[in-house]
Amino acid sequence: MRIDHVVLPVPDVRRSAAFWRDALGLTVHEAEASCVVEVGWTRLQLVPDPAAEPGTQHLAISVPGDAGPVASAWLRDRATVLGDGLVELSPSWDGCSVYFEDAPGGTVLELVARRRLPHRLGGAAFGPEHLLGVSEVGVPVACVPTARERLARGAGLRTFGGPGSPQFTAVGDDEGLLVLVAPDRPWFPTRDRPARATRLDVTLSGTRGRGALLLNPGTLISYR
């Protein structure tokens, strides 16, 4: 499953666009009221919302499976790293991650190297071209088990990385995940950045169903 398009509300589109362009080196297409960031196979559309709360959202970006340490080193020169740096994930997730923040908007971001995917860095120097696509979108929902079942029935999405819990369940696969969390659960690795429902549109491809689900007022998941 791939995450093709994400519409993400931010307090200040221009400042967030500058972060993605100037700090991470990605291509940004600016329009009058919004902008689109090319994150590998994903189009990340930033839209203005003065009520967007810093630190309540989460996105992860895939990097090659062997690139974890060099991606972490590359990131330290460009953004504020959260927690202790590179984190080894559980065996069922089979990868490693480094967490950081979109300084203007406060979004909790992550670079994740998933070893089961075929992409490899080899001896190349790490750069923006190795940000392969958005691999996770955090989706706060009122009831995690209900949202999981709706996505299983509609889009055929399977639980990933273990059975999950009423507070946290991931659905999808190594290439793309929706991370379903209970409201106010802190985003790892922080303790003070609670997940909150927000206006969020996500478009998926490579699913077993076609359609759309409204998981919260303003949170739309489209799949094909």
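Per chain, residue numbering runs from 1 following the sequence as it is written. Reporting of local features is limited, given that this is a predicted model, to residues whose pLDDT is at least 70; pairs of side-chain atoms are given and counted only at 80 or more, and all residues count toward the totals for whole chains, interfaces and linings. Water and hydrogen atoms play no part in the side-chain values, which are based on all heavy atoms of the structure.

Visitor: Break down the overall build of the chain for me, with residues and values.
Guide: The way it works is that DSSP assigns letters per residue, a run of H or I at least four long becomes a helix, a run of E at least two long becomes a strand, and they are numbered from the N terminus. Scanning the chain from N- to C-terminus turns up three helices and 15 strands. The principal-axis extent of the C-alpha atoms belonging to the chain is close to 40 × 40 × 35 Å. A simple rule labels every residue: compare its accessible area, found with a 1.4 Å probe on the protein chains alone, to the largest value its type can have, and call it buried under 20%, exposed over 50%, or partly exposed in between. Expressed as a percentage of the 224 residues in the chain, the buried residues total 56%. Residues count as neighbours in contact if any of their non-hydrogen atoms are within 4.5 Å of one another. At a minimum sequence separation of 6, the contacts of the chain that also span at least 24 residues come to 60%. All accessible areas in this document rest on Shrake-Rupley with a 1.4 Å probe, and a residue is counted as covered only by the protein chains that are shown. Summed over all atoms, the accessible surface of the chain reaches about 9,400 Å², with 51% contributed by carbon and sulfur. The convention is simple: Lys and Arg are positive, Asp and Glu are negative, and His and the chain ends are not counted. To locate a charge, take atom NZ for lysine, CZ for arginine, CG for aspartate or CD for glutamate. If the 23 positive side-chain charges of the chain are averaged to one point and the 25 negative ones to another, these points end up 6 Å apart.

Visitor: Lay out the packing of aromatic side chains with the relevant residues and their values.
Guide: Only the six-membered ring of Trp is used, alongside the rings of Phe and Tyr, when aromatic pairs are assigned; centres must lie within 6.5 Å, and planes under 30 degrees apart are stacked while those over 60 apart are edge-to-face, with the rest tilted. Overall, the coordinates contain five aromatic pairs when judged by the stated rule. Seen from their ring centres, F19 and W20 are 6.1 Å apart, and the 85 degrees between their planes marks the pair as edge-to-face. Centre to centre, the rings of Y99 and F188 are 5.3 Å apart; their planes meet at 75 degrees, and the pair counts as edge-to-face. Residue Y99 is found in strand β7 (residues 95–101), and its partner F188 is found in the loop between β12 (177–181) and β13 (200–205); the two are separated by 89 residues along the sequence. Among the aromatic residues, those joined into a ring-pair cluster are W93, F160 and F168. Throughout this description, the term charge over a ring refers to an Arg CZ or Lys NZ atom that lies within 6 Å of the ring centre and within 35 degrees of the ring normal. The residue whose ring lies beneath R2 is W41, and the NZ or CZ to ring-centre distance is 4.1 Å.

Visitor: How would you explain the sheet that holds strand β4 (residues 42–48) if you had to name every residue and give the values?
Guide: At least two bridges found by DSSP between two strands is the condition for calling them paired. If you walk across this open sheet you meet the seven strands as β2-β3-β4-β1-β13-β15-β14, and the pairing is mixed. Two strands bound the open sheet, and with one partner strand each, they are β2 (27–30) and β14 (211–216). Ignoring strand direction, the axes of neighbouring strands in this sheet form an average angle of 15 degrees. The sheet contact formed by strand β1 (residues 2–10) and β13 spans five bridges and is antiparallel. An axis is simply a line fitted to the C-alpha atoms; with a helix, the fit covers only the stretch in contact. Between two such axes, the angle follows the N-to-C directions and lies from 0 to 180 degrees.

Visitor: Please provide a residue-by-residue account of unusual backbone geometry, values included.
Guide: Look at the link from F188 to P189: it is a cis peptide, with omega at 5 degrees. Looking at where P189 falls in the secondary structure, it is placed in the loop between β12 and β13. Even without being glycine, D184 reaches a positive phi, approximately 75 degrees. Here D184 lies in the loop between β12 and β13. Looking at D184, the relative accessible area reads 46%, which means it is partly exposed.

Visitor: Summarise helix α2 (residues 68–76); cite the residues concerned and give the values.
Guide: For α2, the set of buried residues is G68, A71, S72, W74 and L75. What you see down the axis of α2 is that its buried residues fit within an arc of 165 degrees, all on one side. Looking at the buried positions of α2, the neighbouring elements they touch are β5 (58–63), β6 (80–88), β7 and β8 (108–114). Comment: arc refers to directions from the helix axis out to C-beta atoms.

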